[in-house]
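Each chain is listed here by its residues.
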Amino acid sequence: MTDAQPDHPPVCDFRSDTVTRPTPAMRQAMAEAVVGDDVLGDDPTVLELQEEVARLLGTEAALFVPTGSQGNQIAAHIHARPGQEIACGANAHTYDWEMAGLAAISGLQARTLPAELGRIDIDAAREALHPAGGHRPACLLLTTENTHNFHGGAVVPLEHLQALRAVASDVGARVHLDGARLWNAAVASGVSLADYAATADSVMVCLSKGLGAPIGSVLCGTSAFIEEAHDVRKMLGGGMRQVGVLAAPGLIAVRDQRERLVDDHARAARLAEGFQQAEGIELPYGTPETNIVFVRAAGREAKQLEGALAEAGVLAFATGPDVLRFVTHYDVDDAMVERAIEAFLAAV
Ligand SMILES: Cc1ncc(COP(=O)(O)O)c(C=O)c1O
């Protein structure tokens, strides 16, 4: 724990990097934020955040949205029409974890493609993306994800994203990048946020994950795209009023919290190393590159392990019959990592 958190619970919470609480500096910034009606475009703190994130990602414009899911869904709604397809990796967050929003909100059929360590197969993308014709609907939208949450926080290499982009461009397809943890990818790889962003027509980044803001994501793209996104956000009930109180901690997140993600990555690597001391333990996605560790305990029920760990004050997330996910973040320190390793070794 980097800052004193008065209400911090006496548990080590590795369920997600979304569990972080706002830092004292964030809470103060919330109290002091200058605000206006953001639906009317009048909130100076929101405008400052949008400009800052657009500058970081090298896009023309940006829009503050309440959640990453909403950002992804707005992008899909703009880039494709009902009755068309969207191509994405088989374990993409936007397909697997957003309540079938692609179908329910935008009338899209998802075409999932093989993707190892978050890298969507290039030949499969080439085959999937095409205009409408004969009996087949148009599939002119590809969603990439970096880092890839359900592939162990894997960093998708820039060259791979560029190759996918080229395949999409060949048929006039658009690309949306789900960059909920693009900050982690940039810190781990040394590739700039702007270089990653240049591989897509729109990018969504989250403030509320490793960067520790209490809420919020930012959708980035061209000015025309963001103008449309403003209207779709309103349609989805995401038009917010004096929301500078929530953009203020987001500004602190993007300005002060990015560099420290290396600590989260080092702690994830330590967790993985510690877990492997037990017999029969496998890391399905290999040694973590960023802040997410998946661990398979063959022959053990993940739900039962999750319960045993919770009794020891360590919270993790069972993601499969025998697989647990641990995520490191701002509210996890070295002592908690050691406690988690100890509890895991005792439980398996
Ligand atoms: C890769 C990815 N995309 C999108 C989201 C959605 O973010 P939110 O929970 O803010 O809707 C998440 C959430 O964990 C995520 O991991």
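The structure presented is a predicted model; accordingly, all values stated were derived computationally and were not measured.

A.B. asks: How should the domain arrangement of the protein chain be read in this particular structure?
C.D. replies: How big an interface is tends to be expressed through the accessible area that disappears when the partners come together. You can read the domains of the protein chain as domain 1 (24–256) and domain 2 (260–347). Domain 1 and domain 2 are separated by 28 Å when their C-alpha centres are compared. Taken together, the 17 residues of domain 1 in the interface contact 15 residues of domain 2. Counting each side, the surface lost to burial between domain 1 and domain 2 is near 1,400 Å², with a carbon and sulfur contribution of 62%.

A.B. asks: Is there a simple way to think about the pattern of salt bridges in this case?
C.D. replies: Pairing of side chains with opposite charge becomes possible as their charged atoms draw close. Scanning all chains against the criterion turns up 17 salt bridges. Taking the shortest distance from any N to any O, the salt bridge between Arg 255 and Glu 48 comes out at 2.9 Å. Taken together, the residues span a long stretch of sequence, with Arg 255 in helix 11 (residues 244–256) and Glu 48 in helix 2 (residues 44–57) at a distance of 207 residues. For Glu 48, a relative accessible area of 36% gives the class partly exposed. The shortest N-O distance in the salt bridge between Glu 273 and Arg 270 comes to 2.7 Å. With Glu 273 and Arg 270 both in helix 12 (residues 261–275) and three residues apart, this pair spans about one turn of that helix. A single network of salt bridges, built from pairs that share partners, joins Glu 48, Glu 52, Arg 55 and Arg 255.

A.B. asks: Mind showing me how you'd approach the pairing of strand 10 (residues 217–221) here?
C.D. replies: In regular strands, side chains alternate between the two faces of the sheet. Here strand 10 lies mainly inside the structure; five of its five residues are buried. Residues of strand 10 alternate between two faces, with Ser 217, Leu 219 and Gly 221 on one and Val 218 and Cys 220 on the opposite face, all of them buried.

A.B. asks: For this particular structure, what's the right way to read the nonpolar core?
C.D. replies: The nonpolar side chains of a soluble globular protein tend to be buried, and buried together. Formed by 56 residues in total, the largest nonpolar core has its most connected members in Leu 49, Leu 57, Phe 64, Trp 183, Tyr 196 and Val 218. Every residue in contact with Trp 183, bar those within four places of it in the chain, is listed here: Leu 56, Leu 193, Val 205, Cys 206, Leu 207, Leu 211, Val 254, Arg 258 and Leu 261. Counting residues in each nonpolar core, the second largest holds 28 residues, with Phe 14, Leu 271, Leu 283 and Ala 297 among its members.

A.B. asks: Any chance you could explain the site of the ligand here in plain terms?
C.D. replies: Taken together, 13 residues are adjacent to the ligand, and Gly 68, Ser 69, Asn 149, Asp 178 and Arg 181 come closest. Contacts to the ligand include Asp 178, whose side-chain N or O atom sits 2.7 Å from a nitrogen atom. In isolation the ligand exposes 390 Å². Once the protein is present, 86% of that is buried.

What counts and how
- Per chain, residue numbering runs from 1 following the sequence as it is written.
- At least 70 in pLDDT is required for a residue's local features to be given in this predicted model, at least 80 for side-chain atom pairs to be given and counted, and no such filter applies to totals for whole chains, interfaces and linings, which use all residues.
- Hydrogen atoms and water are omitted, and side-chain values are computed over all heavy atoms in the structure.
- Where each domain begins and ends is defined by an automated method or by a domain database.
- Contact definition: two residues touch when any of their heavy atoms are within 4.5 Å.
- Defined here as a combined quantity, buried area equals the accessible surface (1.4 Å probe) lost by two parts on assembly, summed across both.
- Think of a salt bridge as a Lys or Arg side-chain nitrogen and an Asp or Glu carboxyl oxygen that are within 4 Å of each other.
- Starting at the N terminus, helices and strands are each numbered in turn, a helix being any DSSP run of H or I of at least four residues and a strand any DSSP run of E of at least two.
- Residue exposure (1.4 Å probe, protein chains only): buried if accessible area is under 20% of the type maximum, exposed if over 50%, otherwise partly exposed.
- Working definition of a nonpolar core: buried Ala, Val, Leu, Ile, Met, Phe, Trp, Tyr and Cys residues. They are joined through side-chain atoms within 4.5 Å.
- Any residue with a non-hydrogen atom lying within 4 Å of a molecule or strand is treated as near it.
- Whenever a nitrogen or oxygen atom comes within 3.5 Å of another N or O atom, the pair is scored as a polar contact, on the condition that within protein one atom can donate a hydrogen and the other can accept it, and that pairs from neighbouring residues in sequence are kept only if both atoms are in side chains.
- Exposure was quantified through the Shrake-Rupley algorithm and a 1.4 Å probe, taking into account, for residues, occlusion by the shown protein chains and nothing else.

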